[in-house]
2 protein chains.
Amino acid sequence: MPQPAAQPPQQSETVARILAAAEELFSRRGFDAVSMNDIAEAAGVSKANIFHHFESKNALYLAVVRNACSDSVERLQQLQHEDGAISGQLADFAGNHLKNMLEHDQVSRLILREIVGEEGARRAQELAEKVFGQNFAMLVEIVRTGQRRGELRADLDPAMVATLLIGANVFFFESQEVLRHFKDVDFAREPERYSRMLMDILLAGIRAPKP
Amino acid sequence: MPQPAAQPPQQSETVARILAAAEELFSRRGFDAVSMNDIAEAAGVSKANIFHHFESKNALYLAVVRNACSDSVERLQQLQHEDGAISGQLADFAGNHLKNMLEHDQVSRLILREIVGEEGARRAQELAEKVFGQNFAMLVEIVRTGQRRGELRADLDPAMVATLLIGANVFFFESQEVLRHFKDVDFAREPERYSRMLMDILLAGIRAPKP
DNA sequence: TAAGATACTGACCGACCGGTCGGTCAGAAA
DNA sequence: TTTCTGACCGACCGGTCGGTCAGTATCTTA
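Everything quoted here is computed from the prediction, not taken from an experiment.

A. Seen up close, the overall build of chain A. A count of helices and strands for chain A gives nine helices and zero strands. Ordered by position from N to C terminus, the α and β elements of chain A give α-α-α-α-α-α-α-α-α. Out of the 211 residues belonging to chain A, those deemed buried represent 50%. Counting contacts in chain A only where the partners sit at least 6 residues apart, residues at least 24 apart contribute 67% of the total. Of the accessible surface of chain A, which amounts to about 10,300 Å², a share of 50% is contributed by carbon and sulfur atoms. Treating the 24 positive side-chain charges of chain A as one cloud and the 30 negative ones as another, the clouds have centres 2 Å apart.

Here it is as structure tokens:
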């Protein structure tokens, strides 16, 4: 029986159901607002059974985040290619980063919650920071390459450019619903347009001036 | 007895102490993670006394947010002036917006939590959205003026520019601690420098090209 | 088929939650 | 002095929380 050979060993169907239910609930309502009873009911198992498979509520949460993280980076890494103008690569990265967030919004919310979230809640921060950090480092590298090639302004801090780009995406993702209420904003439901406008401004700001 | 005549009527010292304690705890740990007992202890009153002054935990939270909101917009409105180049006005706004957030980080976190926060938690959203929206509208107006004056590119959506600027600030504010861990980032503790670099890129991206 | 591991359950625990209750007490009004 | 009021308190309510446990069903293996 040939398996994709991904996850650590394997997952019983029950465990998978628990993880799925927990992921859904945690990312929609947060850690505190979800009880083990909720998860048990949603997964169709007894609460005690969850404690049979996971040491504690914290451990379950950690497993959920770990599960979610594993996919996240891969998706973006696949999209990397060395050829083509840097501006195109940046636009690709930005567009896909935002698209990924929106498509997997539950997972994104979950990871974001860890990174941005409460002060006292250091549950899976390290884990989430790693994912986040990998994306960030990848982006910084693209910018550096662009600077070496003379396509981008050399006087900029590449980490600043990366922060700006990722920040713009994250902010859009997390305040989508609020932006919708603002009369001046008409792009809140059009992420592709947002991405295009973002890159329009950003590229104009970081492109090396013509000699 | 001449009073500053600000706040609704006035506040007994006890109520003020409760509000202060609640604000501190709510903004540091969030709504769910704070119990009325915590607040009572921090304020040095009995829990029952809190319920004497506030109808419910929700009502207390609402009062805290209302209290926090009232100052927030004023601070930025005072900084507006009609004269001077738009680029300077934008830089001022951005710099002060970030500085305000950082200086009043508890209040900021509280309001941000309402705007960005959990899905099920619509406690004081309207209230917070109003504050947020006012800042946003103010900024859009500045950008529009710049476009009319020909200082800024006319082909840009002013709301997009505002989103980018506020988003950059919000993202910096909320991920400060994470950014600190990234080896490529050396500006996480220097908001002024961040603001300068931000405006450097942004202005280059939105300034009207010379004729 | 017997034995033993593993998956799973319902009943249950102490802690703590938001909120209420009966009552005390200082001071203003009469 | 008496009456009334509102701030304030300790004790307590029903309910939910994360977590435990004794026991049953199911599967594996010899």
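B. Expanded view of the pattern of salt bridges. All names here are of chain A. Taken as a whole and judged by the stated rule, the model has 26 salt bridges over all chains. Lys183 is the salt-bridge partner of Asp184, the closest N and O atoms lying 3.7 Å from each other. The exposure class assigned to Asp184 is buried, which follows from its relative accessible area of 16%. Take Lys183: its relative accessible area is 74%, and that puts it in the exposed class. In this structure, Arg193 engages Asp186 in a salt bridge whose closest nitrogen and oxygen atoms are separated by 3.1 Å. For Arg193, a relative accessible area of 21% corresponds to the partly exposed category. Its relative accessible area of 48% is what places Asp186 among the partly exposed residues.

C. View of the protein's contact with DNA strand C. Neighbouring DNA strand C are 16 residues; Thr14(A), Ser46(A), Ala48(A), Lys47(B) and Lys57(B) lie closest to it. Of all DNA strand C atoms lying within 4 Å of any protein atom, the proportion belonging to sugar or phosphate reaches 50%. In the environment of DNA strand C, a phosphate oxygen lies 2.8 Å from a nitrogen or oxygen atom belonging to the backbone of Ser46(A). Between DNA strand C and Lys47(B) there is a distance of 2.6 Å, counted from a base oxygen to a side-chain nitrogen or oxygen. For the surface near DNA strand C, the secondary-structure elements that each account for two or more residues are α3 (47–53) of chain A together with α2 (36–43) and α3 (47–53) of chain B. It is α3(A) that provides the largest number of residues to the surface near DNA strand C, a total of four residues. Across the surface near DNA strand C, the residue classes break down as six nonpolar, eight polar and two charged.

D. Quick peek at the protein's contact with DNA strand D. Around DNA strand D sit 16 residues, and of these Lys47(A), Lys57(A), Thr14(B), Ser46(B) and His52(B) come closest. Restricting attention to atoms of DNA strand D within 4 Å of the protein, one finds that 53% of them are sugar or phosphate atoms. Contacts to DNA strand D include Val34(A), whose backbone N or O atom sits 3.4 Å from a phosphate oxygen. Here a phosphate oxygen of DNA strand D and a side-chain polar atom of Lys57(A) are 2.7 Å apart. Put simply, the parts of the chain that give the surface near DNA strand D at least two residues each are α2 (36–43) and α3 of chain A together with α3 of chain B. A per-element tally of the surface near DNA strand D places α3(B) first, with four residues. Split into classes, the residues belonging to the surface near DNA strand D amount to six nonpolar, eight polar and two charged.

E. Main features of the domain arrangement of chain A. Residue and element names in this part refer to chain A. Assigned domains within chain A: domain 1 (12–54) and domain 2 (69–206). Averaged C-alpha coordinates put domain 1 and domain 2 at centres separated by 30 Å. Listed per partner, the contact involves eight residues of domain 1 and six residues of domain 2. Interface of domain 1 and domain 2: buried area, both sides summed, is about 610 Å²; carbon and sulfur atoms make up 56% of it. Broken down residue by residue, the surface that domain 1 buries against domain 2 is led by Glu23, Ser27 and Phe31, which jointly contribute 69%. Applying the counting rule to domain 1 against domain 2 returns zero salt bridges. Taken together, the residues that form the side of domain 1 that touches domain 2 break down as two nonpolar, two polar and four charged.

F. Looking closely at the relation of the copies chain B and chain A. If you rotate chain B by 180° and push it 0.0 Å along the axis, it lands on chain A with an RMSD of 0.1 Å. The two molecules are tied by a two-fold rotation axis, judged by turn and shift. The rotation axis passes nearest to the C-alpha of Gly205(B) in chain B, at a distance of 1.8 Å. Of the interface residues in chain B, 100% have counterparts in chain A that sit at the interface too, so the contact is made through matching surfaces.

G. Summary view of helix α7 (residues 125–148) of chain B. Taking 1.5 Å per residue, 24 residues should reach 34 Å; α7(B) reaches 34 Å between its end C-alpha atoms and fits that length. Just downstream of α7(B), Gly150(B) is the residue with a positive phi angle, here 80°.

Reading guide: rules and limits
- Residues numbered from 1 in each chain as written.
- Chains lettered and ligands numbered in written order.
- Predicted model: local features only at pLDDT ≥ 70, side-chain atom pairs only at ≥ 80, totals over all residues.
- Heavy atoms only, no water.
- Helix = DSSP H or I, 4+ residues; strand = E, 2+ residues; numbered from the N terminus.
- Buried < 20%, exposed > 50% of the residue type's maximum accessible area, 1.4 Å probe, protein only.
- Contact = heavy atoms within 4.5 Å.
- Areas by Shrake-Rupley, 256 points an atom, 1.4 Å probe, with all protein chains shown as cover.
- Lys, Arg positive; Asp, Glu negative; His and termini not counted.
- Charge placed at Lys NZ, Arg CZ, Asp CG, Glu CD.
- Salt bridge = Lys/Arg side-chain N within 4 Å of Asp/Glu carboxyl O.
- Near = heavy atom within 4 Å.
- Polar contact = N/O pair within 3.5 Å; in protein donor to acceptor, adjacent residues only side chain to side chain.
- Nonpolar A, V, L, I, M, F, W, Y, C, P; charged D, E, K, R; others polar.
- Domains from an automatic or database assignment.
- Buried area = accessible area lost by both parts, 1.4 Å probe.
- Least-squares fit on C-alpha atoms with pLDDT ≥ 70 in both.
- Expected span 1.5 Å × (residues − 1).

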